[in-house]
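Letter by letter, the chains look like this.
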Amino acid sequence: METSFSVLELFKLGGVIMWPLLVFSIAVVAISIERIIYLAYHNLNIDELENKVSDFIKTDDYNGAADYLSGLSKRHIGARIISALIAQVKSESKFSERRVEHAVEIEASKCINSLENGFNFLTALGSLSPLTGFLGTVTGMIGAFRSIAEATEVNAQIVANGIYEALITTVFGLVIAIIAMVSHSIFSHIVDRFAAKVEGTCSNLISQIAAKN
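Residues numbered from 1 in each chain as written. Predicted model: local features only at pLDDT ≥ 70, side-chain atom pairs only at ≥ 80, totals over all residues. Heavy atoms only, no water.

**Q** A description of a nonpolar patch on the surface should follow, citing residues and the corresponding values.
**A** Judged by side-chain polarity, Leu128, Leu131, Phe134, Leu174, Ile178, Val182 and Ile186 come together as a nonpolar surface patch covering roughly 640 Å² of accessible area. Of all the secondary-structure elements, those providing two or more residues to the nonpolar patch are helix H7 (119-150) and helix H8 (156-211). Per-element tally for the nonpolar patch: the top contributor is H8, with four residues. Among the secondary structure elements, valine 182 is positioned in helix H8. With a relative accessible area of 45%, valine 182 lands in the partly exposed category. (Patch = residues over 30% accessible without salt bridge, like charges linked within 9 Å, V, L, I, M, F, W, Y side chains within 5 Å. Areas by Shrake-Rupley, 256 points an atom, 1.4 Å probe, with all protein chains shown as cover. Salt bridge = Lys/Arg side-chain N within 4 Å of Asp/Glu carboxyl O. Helix = DSSP H or I, 4+ residues; strand = E, 2+ residues; numbered from the N terminus. Buried < 20%, exposed > 50% of the residue type's maximum accessible area, 1.4 Å probe, protein only.)

Below is the structure:
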(Lines give C-alpha, C1' and ligand atoms only; values in the text may rest on other atoms or scores of the structure.)
Protein backbone atom coordinates (compact mmCIF):
# COMPACT_ATOMS: atom_id res chain seq x y z
CA MET A 1 0.00 0.00 0.00
CA GLU A 2 1.47 3.33 -1.05
CA THR A 3 1.77 6.13 1.48
CA SER A 4 1.76 9.75 0.39
CA PHE A 5 2.72 12.75 2.47
CA SER A 6 1.63 16.34 2.30
CA VAL A 7 4.20 19.12 2.42
CA LEU A 8 3.19 19.85 6.02
CA GLU A 9 3.70 16.22 7.01
CA LEU A 10 7.11 16.16 5.34
CA PHE A 11 7.98 19.38 7.16
CA LYS A 12 7.09 17.77 10.50
CA LEU A 13 9.04 14.62 9.67
CA GLY A 14 12.10 16.72 8.83
CA GLY A 15 12.44 17.91 12.40
CA VAL A 16 13.72 21.18 13.81
CA ILE A 17 16.22 21.74 10.95
CA MET A 18 13.27 22.36 8.63
CA TRP A 19 12.64 25.74 10.27
CA PRO A 20 15.86 27.41 9.08
CA LEU A 21 15.32 25.75 5.69
CA LEU A 22 11.85 27.30 5.59
CA VAL A 23 13.37 30.73 6.29
CA PHE A 24 15.96 30.16 3.55
CA SER A 25 13.29 29.12 1.03
CA ILE A 26 11.18 32.20 1.76
CA ALA A 27 14.26 34.43 1.40
CA VAL A 28 15.25 32.86 -1.92
CA VAL A 29 11.76 33.22 -3.38
CA ALA A 30 11.40 36.80 -2.09
CA ILE A 31 14.77 37.92 -3.47
CA SER A 32 14.13 36.21 -6.81
CA ILE A 33 10.71 37.81 -7.23
CA GLU A 34 12.06 41.23 -6.23
CA ARG A 35 14.90 40.97 -8.77
CA ILE A 36 12.52 39.83 -11.52
CA ILE A 37 10.28 42.83 -10.88
CA TYR A 38 13.26 45.21 -10.69
CA LEU A 39 14.84 43.95 -13.92
CA ALA A 40 11.49 43.92 -15.71
CA TYR A 41 10.75 47.50 -14.64
CA HIS A 42 14.11 48.87 -15.81
CA ASN A 43 14.88 48.96 -19.52
CA LEU A 44 18.29 47.41 -20.21
CA ASN A 45 18.20 47.87 -23.99
CA ILE A 46 20.95 50.27 -25.01
CA ASP A 47 21.15 49.91 -28.81
CA GLU A 48 18.58 52.61 -29.49
CA LEU A 49 20.31 54.95 -27.03
CA GLU A 50 23.63 54.56 -28.79
CA ASN A 51 22.16 55.40 -32.18
CA LYS A 52 20.19 58.39 -30.91
CA VAL A 53 23.06 59.89 -28.86
CA SER A 54 25.45 59.30 -31.73
CA ASP A 55 23.21 61.46 -33.92
CA PHE A 56 23.34 64.27 -31.35
CA ILE A 57 27.13 64.01 -31.16
CA LYS A 58 27.45 64.30 -34.93
CA THR A 59 25.81 67.74 -34.73
CA ASP A 60 27.61 68.70 -31.48
CA ASP A 61 24.22 68.99 -29.81
CA TYR A 62 25.23 67.86 -26.32
CA ASN A 63 22.41 69.80 -24.70
CA GLY A 64 19.92 67.94 -26.86
CA ALA A 65 21.56 64.64 -25.92
CA ALA A 66 21.39 65.55 -22.22
CA ASP A 67 17.70 66.49 -22.47
CA TYR A 68 16.89 63.30 -24.36
CA LEU A 69 18.68 61.12 -21.80
CA SER A 70 17.22 62.91 -18.77
CA GLY A 71 13.73 62.02 -19.96
CA LEU A 72 14.64 58.35 -19.98
CA SER A 73 16.89 58.01 -16.94
CA LYS A 74 14.17 57.02 -14.43
CA ARG A 75 13.58 53.57 -15.90
CA HIS A 76 16.42 53.33 -18.42
CA ILE A 77 19.62 52.45 -16.56
CA GLY A 78 21.73 52.79 -19.70
CA ALA A 79 20.53 56.40 -20.03
CA ARG A 80 21.94 57.19 -16.59
CA ILE A 81 25.39 55.96 -17.58
CA ILE A 82 25.46 57.77 -20.92
CA SER A 83 24.14 60.90 -19.17
CA ALA A 84 27.27 60.84 -17.00
CA LEU A 85 29.34 60.66 -20.18
CA ILE A 86 27.56 63.63 -21.80
CA ALA A 87 27.62 65.66 -18.56
CA GLN A 88 31.37 65.18 -18.22
CA VAL A 89 31.97 66.23 -21.85
CA LYS A 90 29.82 69.34 -21.38
CA SER A 91 31.67 70.34 -18.19
CA GLU A 92 35.10 70.27 -19.81
CA SER A 93 36.63 73.16 -21.68
CA LYS A 94 39.05 70.70 -23.24
CA PHE A 95 38.03 67.12 -23.94
CA SER A 96 39.87 64.49 -21.86
CA GLU A 97 39.14 60.90 -22.76
CA ARG A 98 40.53 59.64 -19.46
CA ARG A 99 38.30 61.86 -17.33
CA VAL A 100 35.22 60.97 -19.37
CA GLU A 101 35.98 57.26 -19.00
CA HIS A 102 36.42 57.73 -15.26
CA ALA A 103 33.04 59.47 -14.95
CA VAL A 104 31.39 56.66 -16.92
CA GLU A 105 33.04 54.00 -14.78
CA ILE A 106 31.76 55.60 -11.56
CA GLU A 107 28.17 55.84 -12.79
CA ALA A 108 28.28 52.39 -14.39
CA SER A 109 29.53 50.91 -11.12
CA LYS A 110 26.59 52.45 -9.23
CA CYS A 111 24.08 51.17 -11.79
CA ILE A 112 25.56 47.67 -11.94
CA ASN A 113 25.55 47.47 -8.15
CA SER A 114 21.86 48.38 -8.12
CA LEU A 115 21.17 45.59 -10.61
CA GLU A 116 23.20 43.10 -8.57
CA ASN A 117 21.51 43.96 -5.28
CA GLY A 118 20.62 40.70 -3.53
CA PHE A 119 22.95 38.52 -5.61
CA ASN A 120 25.27 37.93 -2.65
CA PHE A 121 22.34 36.73 -0.57
CA LEU A 122 21.37 34.24 -3.27
CA THR A 123 24.94 32.93 -3.33
CA ALA A 124 25.04 32.66 0.45
CA LEU A 125 21.68 30.92 0.63
CA GLY A 126 22.73 28.59 -2.17
CA SER A 127 25.70 27.54 -0.05
CA LEU A 128 24.01 27.48 3.36
CA SER A 129 20.90 25.53 2.35
CA PRO A 130 22.59 22.21 1.45
CA LEU A 131 24.91 22.52 4.45
CA THR A 132 21.90 23.00 6.71
CA GLY A 133 20.21 20.06 5.00
CA PHE A 134 23.29 17.91 5.62
CA LEU A 135 23.20 19.02 9.27
CA GLY A 136 19.68 17.63 9.37
CA THR A 137 21.05 14.42 7.85
CA VAL A 138 23.58 14.13 10.66
CA THR A 139 21.08 14.86 13.43
CA GLY A 140 18.61 12.44 11.86
CA MET A 141 21.18 9.64 11.76
CA ILE A 142 22.19 10.42 15.34
CA GLY A 143 18.55 10.00 16.34
CA ALA A 144 18.32 6.76 14.38
CA PHE A 145 21.41 5.26 16.01
CA ARG A 146 20.26 6.46 19.44
CA SER A 147 16.99 4.60 18.89
CA ILE A 148 18.94 1.49 17.96
CA ALA A 149 21.14 1.80 21.04
CA GLU A 150 18.16 2.18 23.36
CA ALA A 151 16.12 -0.62 21.78
CA THR A 152 16.25 -4.21 23.03
CA GLU A 153 15.08 -5.48 19.66
CA VAL A 154 15.99 -3.69 16.42
CA ASN A 155 13.51 -3.32 13.55
CA ALA A 156 12.96 -0.88 10.68
CA GLN A 157 10.31 1.15 12.49
CA ILE A 158 12.71 2.08 15.28
CA VAL A 159 15.06 3.95 12.93
CA ALA A 160 12.41 5.17 10.47
CA ASN A 161 11.90 8.62 12.00
CA GLY A 162 15.62 9.36 12.10
CA ILE A 163 16.06 8.27 8.49
CA TYR A 164 13.07 10.36 7.42
CA GLU A 165 14.61 13.42 9.07
CA ALA A 166 17.98 12.71 7.46
CA LEU A 167 16.64 12.32 3.93
CA ILE A 168 13.96 15.04 3.96
CA THR A 169 16.25 17.82 5.19
CA THR A 170 18.83 16.88 2.58
CA VAL A 171 16.27 17.02 -0.22
CA PHE A 172 14.81 20.33 0.91
CA GLY A 173 18.26 21.85 1.33
CA LEU A 174 19.34 20.79 -2.14
CA VAL A 175 16.11 22.02 -3.76
CA ILE A 176 16.51 25.45 -2.15
CA ALA A 177 20.15 25.60 -3.23
CA ILE A 178 19.26 24.68 -6.82
CA ILE A 179 16.61 27.40 -7.02
CA ALA A 180 18.98 29.98 -5.50
CA MET A 181 21.88 29.14 -7.83
CA VAL A 182 19.73 28.95 -10.96
CA SER A 183 18.20 32.34 -10.14
CA HIS A 184 21.64 33.79 -9.48
CA SER A 185 23.02 32.43 -12.76
CA ILE A 186 20.13 33.83 -14.82
CA PHE A 187 20.27 37.24 -13.18
CA SER A 188 24.07 37.40 -13.43
CA HIS A 189 23.91 36.56 -17.13
CA ILE A 190 21.45 39.40 -17.73
CA VAL A 191 23.57 41.92 -15.81
CA ASP A 192 26.85 40.77 -17.37
CA ARG A 193 25.38 41.07 -20.87
CA PHE A 194 24.13 44.56 -20.06
CA ALA A 195 27.51 45.58 -18.60
CA ALA A 196 29.36 44.35 -21.68
CA LYS A 197 26.95 46.21 -23.97
CA VAL A 198 27.30 49.42 -21.95
CA GLU A 199 31.07 49.19 -22.08
CA GLY A 200 31.04 48.81 -25.84
CA THR A 201 28.50 51.60 -26.34
CA CYS A 202 30.36 54.10 -24.15
CA SER A 203 33.65 53.21 -25.81
CA ASN A 204 32.13 53.89 -29.24
CA LEU A 205 30.64 57.22 -28.13
CA ILE A 206 33.87 58.37 -26.50
CA SER A 207 35.81 57.46 -29.63
CA GLN A 208 33.30 59.41 -31.73
CA ILE A 209 33.66 62.47 -29.49
CA ALA A 210 37.45 62.18 -29.46
CA ALA A 211 37.50 62.09 -33.26
CA LYS A 212 35.69 65.44 -33.36
CA ASN A 213 38.13 67.14 -30.94
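From this point on, the discussion continues.
**Q** Explain the packing of aromatic side chains to me, and be specific about the residues and the numbers.
**A** Per the stated rule, a full pass over the model turns up two aromatic pairs. Both rings, one in phenylalanine 56 and one in tyrosine 68, keep their centres 6.0 Å apart while their planes meet at 40°; by these two values the pair is tilted. Note that phenylalanine 56 is positioned in helix H3 (residues 47-58) and tyrosine 68 in helix H4 (residues 62-70), a separation of twelve residues in sequence. We classify tyrosine 68 as partly exposed; its relative accessible area is 21%. Arranged with centres 6.1 Å apart and planes meeting at 20°, the rings of phenylalanine 119 and phenylalanine 187 form a pair that is stacked. One end of the pair, phenylalanine 119, is in helix H7; the other, phenylalanine 187, is in helix H8, with 68 residues separating them in the sequence. Taking the relative accessible area as the measure of exposure, phenylalanine 187 reaches 6% and is therefore buried. (Phe/Tyr/Trp six-rings, centres within 6.5 Å; stacked < 30°, edge-to-face > 60°.)

**Q** Run through the environment of isoleucine 190, naming residues and quoting values.
**A** The topology assignment puts isoleucine 190 in helix H8. Under the relative-accessibility criterion, isoleucine 190 is labelled partly exposed at 24%. Expressed as a C-alpha distance, the spacing of isoleucine 190 and leucine 44, which sit 146 residues apart in the sequence, is 9.0 Å.

**Q** How would you summarise unusual backbone geometry if you had to cite specific residues and measurements?
**A** Even without glycine at this site, aspartate 60 takes up a positive phi of about 55°. Summarising the element assignment, aspartate 60 is placed in the loop between H3 and H4. A relative accessible area of 46% means that aspartate 60 is categorised as partly exposed.

**Q** For the layout of surface pockets, give the residues involved together with the corresponding values.
**A** If you add up the space inside the largest pocket, you get close to 260 Å³. If you tally residues by element for the lining of the largest pocket, the top one is H8, at six residues. The class makeup of the residues in the lining of the largest pocket is seven nonpolar, one polar and three charged. (1 Å grid on protein atoms, 1.4 Å probe; cavity = no way out; pocket = protein on both sides within 12 Å on 5 of 7 lines; lining within 4 Å. Points joined across faces, edges and corners; volume = space filled by probe spheres on them. Nonpolar A, V, L, I, M, F, W, Y, C, P; charged D, E, K, R; others polar.)

**Q** Would you mind going over the pattern of salt bridges in detail, with residue names and values included?
**A** A pair can form between side chains of opposite charge whenever their charged atoms are brought close. Scanning the model with the defined rule gives three salt bridges in all. The partner of arginine 35 in a salt bridge is glutamate 34, and the shortest N-O contact between them spans 2.7 Å. Assessed through its relative accessible area of 36%, glutamate 34 is described here as partly exposed. In this structure, aspartate 47 and lysine 197 form a salt bridge, with 2.9 Å as the shortest nitrogen-oxygen distance. With aspartate 47 in helix H3 and lysine 197 in helix H8, the pair connects residues that are 150 residues apart, well separated along the chain. Look at lysine 197 and you get partly exposed, because its relative accessible area is 37%.

**Q** Lay out the confidence of the model for the protein chain with the relevant residues and their values.
**A** On average, the protein chain scores 87 in pLDDT, and the residues at 70 or more come to 88%. Averaged pLDDT values for the elements of the protein chain fall to 73 in helix H1 (residues 7-14) and rise to 94 in helix H2 (residues 18-41). (pLDDT = per-residue confidence, 0-100.)

**Q** Describe the nonpolar core, naming the residues involved and giving the relevant values.
**A** Generally speaking, nonpolar side chains in soluble globular proteins are found buried as a group. Among the nonpolar cores identified, the biggest contains 46 residues, and Ile81, Ile82, Leu85, Ile86, Leu115 and Phe194 are the most heavily contacted of them. For this core, the secondary-structure elements that each account for two or more residues are H2, H3, H4, helix H5 (77-91), helix H6 (97-115), H7 and H8. (Core = buried A, V, L, I, M, F, W, Y, C linked by side-chain atoms within 4.5 Å.)

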